Amino acid sequence: IEQLSPVKRAYVRRFWFPARYVVMVEEVTPAITISPSEEAPAVAALAITGELIGREYLPLSDKFKAVKVLTYGTNNDDYEKWDVEKINNLYKLAKLLEEYSGEEVQYMDLRIKHNAFVQLESAKLKLGEIDVSVFERIKSIHDILPQIKQMSEKIQYIDLSWKDSKYLKME
């Protein structure tokens, strides 16, 4: 049982009275699902601990609130080779964005290298490169989103890729 990718540990206990066996299975927690586009179903999932959960275990149950990440999985950024730190940083980034914005992250788009986008319920965010400064740059979304919702013009995205300046790309 432990050979299966979503299984972290499996235990077998034997009880004498009444005679029985109990098999306990502890699964890994999926943090990220990988899709090639917004509409496509997930092709893989990654656990917080770095394990790759294959297509045969998808789709995930609704009880798992995994972050949808769009990527092609090419040689430049193969999700199968992502380390635990990268997985945890992406997961942490999505959870911080949800906390700062008060909205759910629909997906994170990493298909363009050094130019990441995040789709919230009400707006699209351009994050640029995901580096250590991205956690500081996203803090301003708490102040920007209420103002955006009051605008009558449609925006394409909010540009948070710069440290000191925030821009709106209008449609």
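Attention here is on the structure that accompanies the text. (Residues numbered from 1 in each chain as written. Predicted model: local features only at pLDDT ≥ 70, side-chain atom pairs only at ≥ 80, totals over all residues. Heavy atoms only, no water.)

### A look at the nonpolar core
When a protein is soluble and globular, its nonpolar side chains tend to lie buried together. Residues Trp82, Leu97, Met108, Leu125, Leu127 and Ile158 are the most contacted members of the largest nonpolar core, which totals 35 residues. Top element by residues in this core is helix α1 (residues 84-101). It accounts for 7 residues. Discounting chain neighbours no more than four positions away, the residues touching Met108 are Val67, Lys68, Val69, Leu70, Leu90, Leu93, Ala94, Phe117 and Val118. If you look at the next biggest cluster of nonpolar residues, it comprises 5 residues, including Val28, Ala45, Ala47 and Ile53. (Core = buried A, V, L, I, M, F, W, Y, C linked by side-chain atoms within 4.5 Å. Buried < 20%, exposed > 50% of the residue type's maximum accessible area, 1.4 Å probe, protein only. Helix = DSSP H or I, 4+ residues; strand = E, 2+ residues; numbered from the N terminus. Contact = heavy atoms within 4.5 Å.)

### Here we look at the packing of aromatic side chains
Applying the stated rule across the entire model yields 1 aromatic pair. Ring centres of Phe117 and Tyr157 lie 5.5 Å apart, and the angle between their planes is 75°; on these two criteria the pair is classed as edge-to-face. Separated by 40 residues along the polypeptide, Phe117 in strand β8 (residues 116-120) and Tyr157 in strand β10 (residues 155-159) bring together distant segments of the chain. The class for Tyr157 is buried, based on a relative accessible area of 15%. (Phe/Tyr/Trp six-rings, centres within 6.5 Å; stacked < 30°, edge-to-face > 60°.)

### Quick look at the environment of Asn89
Structurally, Asn89 can be placed in helix α1. Among the residues examined, Asn89 registers a relative accessible area of 30% and is labelled partly exposed. In this structure, the C-alpha to C-alpha distance between Asn89 and Ser35, residues 54 residues apart in sequence, is 18 Å.

### Topic: the sheet that holds strand β5 (residues 52-53)
Overall, mixed pairing links the 9 strands, which are arranged β5-β4-β3-β6-β7-β8-β9-β10-β11 in an open sheet. One side of each edge strand has no neighbouring strand; the edge strands of this open sheet are β5 and β11 (167-170). In this structure, β8 lies alongside strand β9 (residues 124-128), joined through 4 bridges in antiparallel fashion. Bridged to Ala116 within β9 is Gly128. Against the sheet, α1 touches β3 (30-35), β4 (44-47), β6 (67-70), β7 (105-109), β8 and β9, its axis set at about 140° to β7. Here helix α3 (residues 141-150) sits on the sheet and contacts β8, β9, β10 and β11; the angle it forms with β10, its principal contact strand, is near 160°. (Pairing = 2+ DSSP bridges. Axes fitted to C-alpha atoms, helices over the stretch in contact; angles between N-to-C directions.)

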